[in-house]
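# Remarks on the overall topology
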Amino acid sequence: DWLEKYQKCKRPDRAGHLSRGTAAVIMAAKAGYEDINLFGFDNIMNGNNEHYLSCFRDLKLTKKYHDYVAERRIIDRVTYEHGLKLECLPQSPP
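This text gives an overview of the structure that appears in the document.

### Digging into the side chain of S19
Structurally, S19 is set in the loop between helix 1 (2–9) and helix 2 (20–30). Residue S19 is classed as buried on the basis of its relative accessible area of 9%. Residues contacting S19, with those up to four places away along its chain left out, are H66 and E71.

### What about the nonpolar core?
Most often, soluble globular proteins have nonpolar side chains that are buried together. Judged by nonpolar contacts, the single largest core of 19 residues is most densely connected at I26, I36, F41, I44, M45, I74 and V78. Here this core takes 5 residues from helix 4 (residues 68–82), the largest share from any one element. Among all residues touching I26, those that are not within four sequence positions of it are W2, L18, I74 and V78.

### Regarding the pattern of salt bridges
Throughout the structure, instances matching the rule amount to 5 salt bridges. As a salt-bridge pair, D1 and K30 come within 3.3 Å of each other at their nearest N and O atoms. Remark: K30 occurs in helix 2 and D1 occurs in the segment before helix 1; sequence separation between them is 29 residues. Residues D1 and K30 agree in their burial class; the two are exposed. Here E81 makes a salt bridge to R77, at a shortest N to O gap of 4.0 Å. One end of the pair, E81, and the other, R77, are both in helix 4, 4 residues apart, so they sit about a helical turn from each other. Note on E81: relative accessible area 45%, which makes it partly exposed. Overall, the relative accessible area of 39% leaves R77 in the partly exposed class. Each of R11, D13 and R14 takes part in salt bridges that share partners, so that together they form one network.

Calculation criteria
Residues numbered from 1 in each chain as written. Predicted model: local features only at pLDDT ≥ 70, side-chain atom pairs only at ≥ 80, totals over all residues. Heavy atoms only, no water. Helix = DSSP H or I, 4+ residues; strand = E, 2+ residues; numbered from the N terminus. Buried < 20%, exposed > 50% of the residue type's maximum accessible area, 1.4 Å probe, protein only. Contact = heavy atoms within 4.5 Å. Core = buried A, V, L, I, M, F, W, Y, C linked by side-chain atoms within 4.5 Å. Salt bridge = Lys/Arg side-chain N within 4 Å of Asp/Glu carboxyl O.

Next comes the structure, spelled out in structure tokens:
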């Protein structure tokens, strides 16, 4: 159901699946965790993500990148609906 929600709010030129990290947040929420600490999500959480494409693939091979703005919306909804406390480290300076 969260994948469907992501697909409805993502940009059409972006990947049709969630990142592994966002999927892990959803799985932890469904498993009943109350606190989640995210490491390496600063690009999603602070909105500074247009330059970030993929650290796992050669960029020439990557056709569509994740819509990190839409993933942030999904993470916000998941944490709200499940009453989670979410912290992202490292925290970016204001």
